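Structure assessment
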Amino acid sequence: ESAEVALETPVEESVVESAEVALETPVEESVVESTEVALETPAKDSVVESAEVAPETPAKDSVVESAEVAPETSIEKPDTETTEKETTTPQAIVETPTQRFTDNDNGTITDNQTGLIWLKNANCVGRTLNWNKAFMFATTLGSGTNVCSTEPKNLTDRSSKGDWRLPTIKELQSLVHYGFINPALPNTDGTGKWVKDQPFSGVEMNYYWSSTTYAGRRGNAWGVGLSNGYVNASVKSGTYSVWAVRSGKK
């Protein structure tokens, strides 16, 4: 009986009940509910909303605006650089001679400033002449020995009669440096006053004839005084010194 009683004890029912209770606990529902709650949370909505808001943000517009501005900036820079190069290119080509005059070692001197070629001997005739004789002397001058009456006498530049002439008044004035007197001529480098053979010889402190006739009176012609650079129109029958010139040859 005690055994039967033991069997009839409500152990199994309590176990069953506890098992049922365990099964009937709202665990799954709570899990489901929590799952549902998790699904029902506005996370997706917020993501969707943020996704919807994102396209509306001005980020793309700012990128588009910067993209539109960038090409305009990149186009202007090359144009500016090209303009600067074109502007500076001509100045880079120009070269200044290292000295004013060049002694050609043939009885002539080249003026690097004007390109004219002058007799090295500024007193080739050895005396003053009237304008007509001075004009004739210059135009008949040519390469040869003992061409001048004073040293240097020889002219070995292979020039011919007709190559030489009297200078115009502007050509004669181009030799003058008004920063000096007695004479008003520069030296070889062009940085100081003339001294003998730097580069000319036989320079006279008086007037030299030009080929330019005075427009106010046809019987007069212009001359330049090399002692001070003064310009004067004198009668052609008067006498001045003679200094021949010719154009440079290529």
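Quick look at the structure, then. For every chain, the first residue of its written sequence is number 1, and the numbers climb from 1 along that sequence. Local features are withheld for residues below a pLDDT of 70 in this predicted model, meaning they are given only at 70 or higher, and side-chain atom pairs are given and counted only at 80 or more; totals for whole chains, interfaces and linings count all residues. Where side-chain values are given, they derive from all heavy atoms of the structure, hydrogens and water being excluded.

1. Let's talk about the sheet that holds strand β3 (residues 117–119)
A pair of strands is considered paired only if DSSP assigns at least 2 bridges between the two. Numbering of helices and strands starts at the N terminus; helices are DSSP runs of H or I of at least 4 residues and strands are runs of E of at least 2. Pairing in this open sheet of four strands is antiparallel, and the strands run β1-β2-β3-β9 from one edge to the other. The open sheet has two edge strands with one neighbour each: β1 (101–103) and β9 (245–246). Examined bridge by bridge, β3 and β9 share two bridges and lie antiparallel to one another. Pairing of W118 across the sheet is with V245, part of β9.

2. Quick word on the sheet that holds strand β6 (residues 220–225)
Within a beta sheet, neighbouring strands are joined by backbone hydrogen bonds and run either parallel or antiparallel to one another. The strand order across the open sheet built from three strands is β5-β6-β7, with neighbouring strands paired in antiparallel fashion. Two strands in the sheet have a free side with no partner beyond their single neighbour: β5 (207–213) and β7 (231–235). Here the average twist between neighbouring strands, direction ignored, is 40 degrees. Of the strand pairs in this sheet, β5 and β6 are connected by four bridges, and their pairing is antiparallel. Note on β6: the bridge partner recorded for Y208 is V224. Contact between two residues is taken to exist if any of their heavy atoms lie within 4.5 Å; hydrogens are not considered. As a rule, the C-alpha atoms of each element are fitted with a line to give its axis, helices using only the stretch in contact, and angles between N-to-C directions run from 0 to 180 degrees. Against the sheet, helix α6 (residues 131–139) touches β5 and β6, its axis set at about 85 degrees to β5.

3. Looking at the pattern of salt bridges
Just to be clear on terms, a salt bridge is a Lys or Arg side-chain nitrogen sitting within 4 Å of an Asp or Glu carboxyl oxygen. Throughout the structure, instances matching the rule amount to four salt bridges. One salt bridge in this structure joins K120 and D103, with 3.1 Å as the shortest N-O distance. Here the residue K120 occupies a position in the loop between β3 and β4 (129–130), and D103 occupies one in strand β1, the gap between them amounting to 17 residues. A salt bridge links D157 to R246; its shortest N-O distance comes to 3.1 Å. On the criterion of sequence distance, the pair formed by D157 in the loop between α6 and α7 (169–173) and R246 in strand β9 is long-range, its members being 89 residues apart. For each residue, the accessible area found with a 1.4 Å probe, counting protein chains only, is set against the maximum for its type, and the residue is called buried under 20%, exposed over 50%, and partly exposed in between. A residue is classified by how much of its surface remains accessible, and D157, at 10% relative accessible area, is buried.

4. Describing the environment of S160
With respect to the helices and strands, the residue S160 is situated in the loop between α6 and α7. C-alpha separation for the pair S160 and S143, spaced 17 residues apart in sequence, amounts to 6.1 Å. Other than its neighbours up to four places away in sequence, S160 contacts L141 and G142.

5. Let's talk about α6
Taken together, the buried positions of α6 are W131, A134, F137 and A138. Looking down the long axis of α6, one finds its buried residues gathered within 125 degrees of arc, a one-sided arrangement. For α6, the exposed residues lying more than 90 degrees away from the buried face are N132, K133 and M136. Where the residues of α6 are buried, they touch β4, β5 and β6. Between the side-chain oxygen at the start of α6 and the backbone nitrogen of N132 there is a gap of 3.3 Å, and the oxygen is on N130. By construction, the arc corresponds to the directions joining the helix axis to the C-beta atoms. Polar contact is the term for a pair of N or O atoms within 3.5 Å; when the atoms are in protein, one must be able to donate a hydrogen and the other to accept it, and sequence-neighboring residues count only if both atoms are side-chain atoms.

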